[in-house]
Amino acid sequence: MSDVLVVIVKLLLVVGAFAVLPLVVGQAEHKVMAHMQGRLGPMYAGAFHGWAQLVADGVKFAQKEDVVPAAADRRVFSLAPAVALIPYLVVLVVVPVGPSGQVAVSMDAGLFFALAMIGVGVLGAIMAGWASANKYSLLGGMRVAAQLLSYELPMVLAASSVAMAAGSLNLSTIVDQWRWWWLPWQVIGGVVFFVAGLAELRRPPFDMPVADSEIIFGPYTEYAGLRFALFLLAEYAGIVVLSALTTVLFLGGWKGPALDHELGWLWTLIKVFVLSFVVIWLRVSYPRLREDQLQKLAWAGLVPLALVQLALTGVIKIAVG
């Protein structure tokens, strides 16, 4: 098989995973929240365990009228959902799922490329707020931008700690260099990275810009139908990407108790789904933060912890080297 054909097959597999995994996480969120909070509705659609709930939601969004405000910038308004969703697809292209080249594109600077693409995704929310011709939506978009700026720094610092430990920015090389004894001294960075990622995705308890208790639904207020559904899909795709990056950087990626080379992809998927469950669990368990609490956590909590992790990594690298 030629190299070009191999790349095409890998890209098709990535697109297939991108089309399926966010929907699986969305269905899991319906069921997990139904059990944890005693919600009866999501357990009845389609009879057995509410299997058709996600289908019902899709049909609902497809039937809704696609309204564009008269004063909106129609081109930017239409592009915003795609800008929010596509960067997560691009990130999956550089995330390895197994050893021996089981990655669509291996990049020497894959880590920084992935983090940069995650940052691009927030432009979709800013574009949506700006183009909606709604001052409240614009304010919601600005709050999303402020949250991104606050949590981007600790996320990058935590990821830099792993890159320093592995001596590489290539995600496959980072997994190759990872050892089980990294877990205790990289745990601070792992927690900082995961929490900062939740804040960038605006997942509860960090969902103030799009909270139900706000006046409006942030920058998405003027959206309906399939365009609104794309923003929700982008959120679930973000959960998959965050869980995959956390797995690769802090949990050893495809490395498991046994059969790493034969079942490495399976270990990766198991870790991704466990972390996705944790994301849903946190939504159910913790109350929403106030805006001042959200900013204080970033600058007074996560940034100092990320710097401590960087210093600790430097000390251990020197001692071991």
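These numbers were taken from a predicted model, which means no experiment stands behind them.

Trainee: Tell me about the nonpolar core, residues and numbers included.
Mentor: In terms of nonpolar packing, the biggest core is built from 81 residues, with Val91, Leu111, Tyr151, Leu171, Phe193, Leu245 and Leu249 touching the most fellow members. Dropping the residues within four chain positions of it, Leu171 is found in contact with Val94, Val95, Pro96, Gly110, Leu111, Leu245, Val248 and Leu249.

Trainee: Any chance you could break down the packing of aromatic side chains for me, citing the residues and the numbers?
Mentor: Inspection of the entire model under this criterion finds 11 aromatic pairs. A centroid spacing of 4.0 Å and a plane angle of 5° characterise the contact between Phe77 and Tyr223, whose relative ring orientation is stacked. Taken as a pair, Phe77 in helix 3 (residues 74-93) and Tyr223 in the loop between helix 8 (182-201) and helix 9 (225-250) lie far apart in primary sequence, 146 residues in all. Grouping residues by exposure puts Phe77 and Tyr223 together as buried. Relative to Trp185, the ring of Trp181 lies with its centre 6.1 Å away and its plane at 25°, an arrangement referred to as stacked. Here a set of aromatic residues connected by ring pairs shows up, and it is made of Phe61, Phe77, Phe217, Tyr220, Tyr223, Phe228 and Phe231.

Trainee: Describe the side chain of Glu152, and please don't skip the residues or the numbers.
Mentor: With respect to the helices and strands, the residue Glu152 is situated in helix 6 (residues 135-166). For the buried Glu152, no salt bridge exists, and the shortest N-O distance to an oppositely charged side chain is 9.6 Å, to Arg202. Residues in contact with Glu152, not counting those within four places in the same chain, are Leu115, Gly119 and Glu200.

Trainee: Describe the pattern of salt bridges, and please don't skip the residues or the numbers.
Mentor: Counted under the stated rule, the structure contains seven salt bridges. Between Arg283 and Glu29 there is a salt bridge; the shortest N-O distance is 3.1 Å. Here Arg283 is found in helix 10 (residues 260-285), whereas its partner Glu29 is found in helix 1 (residues 3-37), with 254 residues between them in sequence. Classification of Glu29 by relative accessible area gives buried; the value is 3%. When the shortest N-O distance is used, the salt bridge between Arg227 and Asp66 registers 2.7 Å. Taken together, the residues Arg227 in helix 9 and Asp66 in the loop between helix 2 (53-63) and helix 3 connect sequence positions 161 residues apart.

What counts, and at which threshold
Residues numbered from 1 in each chain as written. Predicted model: local features only at pLDDT ≥ 70, side-chain atom pairs only at ≥ 80, totals over all residues. Heavy atoms only, no water. Core = buried A, V, L, I, M, F, W, Y, C linked by side-chain atoms within 4.5 Å. Buried < 20%, exposed > 50% of the residue type's maximum accessible area, 1.4 Å probe, protein only. Contact = heavy atoms within 4.5 Å. Phe/Tyr/Trp six-rings, centres within 6.5 Å; stacked < 30°, edge-to-face > 60°. Helix = DSSP H or I, 4+ residues; strand = E, 2+ residues; numbered from the N terminus. Lys, Arg positive; Asp, Glu negative; His and termini not counted. Salt bridge = Lys/Arg side-chain N within 4 Å of Asp/Glu carboxyl O.

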